[in-house]
Amino acid sequence: YYAEATRMLKTFIGLSPQDAKAYLMLGIAYRKQDQDALAIQQLKQAHAIAPRLPLVHYNLGKIYASQGNNEAALDEYRDELGVNPQFYDVYWSAGEAEIAVKKLDAAEALFRRATKIKPLAYQGYYGLARVYLMRKQLHKAEAELKTVIALAPGSIDGHSLLAEVYNQLGKTLEAKREELVVETLKSQASQPDEAPAPSH
């Protein structure tokens, strides 16, 4: 699918070489195909044409984070927030990068902001739970993870982290229950779907 999109976008750029959005989309298509160098090249081209185009810095940040360069990712995420302050994904992505560079206060602030922008999306709460777990604030982590699971019952990460929190709290029975849920969800994920799941 992305290979097809790549071909079409290259043709389009041949005809409209000043279309910043086309370079952005081509950059994203390359990123989805793990062609980081080509993706970065296209995204930088999009930025050169339209410095305030949303999603350019976010996608650059995602690439740098995937390469383990969290400082560079954070620079890009900050730039994205400058042009796109209501964009939910950039807050939790930046929070993850702050955790990676061990800046827990900065991460907590970003995750809190994420939960304000989209109270019904689970990533912000999951990020807060990770921050609390790293600070050994286990009851707080547990509370955030219960929110994660209420919002995303199928979140394997949410149930795994909750099992870890319960183990640290000495709640062996609850931990086992969560581990069971994780196993069940993983085996469901590896089963071919009989019927397509309704998309939300």
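Not measured: the values here are computed from a predicted model.

## Details of the environment of Thr-115
Link 1 in the chain: Here Thr-115 shows up in helix H7 (residues 104–117).
Link 2 in the chain: C-alpha separation for the pair Thr-115 and Trp-92, spaced 23 residues apart in sequence, amounts to 9.1 Å.
Link 3 in the chain: Not counting residues up to four positions away in its chain, the partners in contact with Thr-115 are Gly-124, Tyr-125 and Leu-128.
Link 4 in the chain: A polar contact is formed between the side chain of Thr-115 and the backbone oxygen of Arg-112, at a distance of 2.7 Å.

## Overview of helix H6 (residues 88–100)
Link 1 in the chain: Over its 13 residues, H6 extends 19 Å from the first C-alpha to the last, a length consistent with the 18 Å expected when each residue adds 1.5 Å.
Link 2 in the chain: Packed against the buried residues of H6 are helix H4 (56–66), helix H5 (70–83), H7 and helix H8 (123–134).

## What to know about the side chain of Asn-59
Link 1 in the chain: Note on placement: Asn-59 falls in helix H4.
Link 2 in the chain: For Asn-59, a relative accessible area of 3% translates into the label buried.
Link 3 in the chain: Here Arg-31 takes part through its side chain, which lies 2.9 Å from a polar atom of the side chain of Asn-59.
Link 4 in the chain: Apart from the residues lying within four places of it in its own chain, the contact partners of Asn-59 are Leu-24, Ile-28, Arg-31 and Leu-43.

## Focus: the pattern of salt bridges
As a working rule, side chains carrying opposite charge can pair if their charged atoms are close by.
Link 1 in the chain: Taken as a whole and judged by the stated rule, the model has 11 salt bridges.
Link 2 in the chain: A salt bridge links Glu-98 to Arg-78, with the nearest nitrogen and oxygen atoms 3.6 Å apart. Highlighted residues: Glu-98 in helix H6 and Arg-78 in helix H5, separated in sequence by 20 residues.
Link 3 in the chain: Exposure remark for Glu-98: the relative accessible area of 5% places this residue in the buried category.
Link 4 in the chain: Across the pair Lys-176 and Glu-179 runs a salt bridge, and its minimum N-O distance is 3.7 Å. Linking Lys-176 with Glu-179, this pair stays in helix H11 (residues 172–190), spanning 3 residues, or about one helical turn.
Link 5 in the chain: Residue classification places Glu-179 among the partly exposed positions, given a relative accessible area of 30%.
Link 6 in the chain: Salt bridges here are not isolated pairs; linked through shared partners, they connect Asp-105, Glu-108, Arg-112 and Arg-135.

What counts, and where the lines are drawn
- Residues numbered from 1 in each chain as written.
- Predicted model: local features only at pLDDT ≥ 70, side-chain atom pairs only at ≥ 80, totals over all residues.
- Heavy atoms only, no water.
- Helix = DSSP H or I, 4+ residues; strand = E, 2+ residues; numbered from the N terminus.
- Contact = heavy atoms within 4.5 Å.
- Polar contact = N/O pair within 3.5 Å; in protein donor to acceptor, adjacent residues only side chain to side chain.
- Expected span 1.5 Å × (residues − 1).
- Buried < 20%, exposed > 50% of the residue type's maximum accessible area, 1.4 Å probe, protein only.
- Salt bridge = Lys/Arg side-chain N within 4 Å of Asp/Glu carboxyl O.

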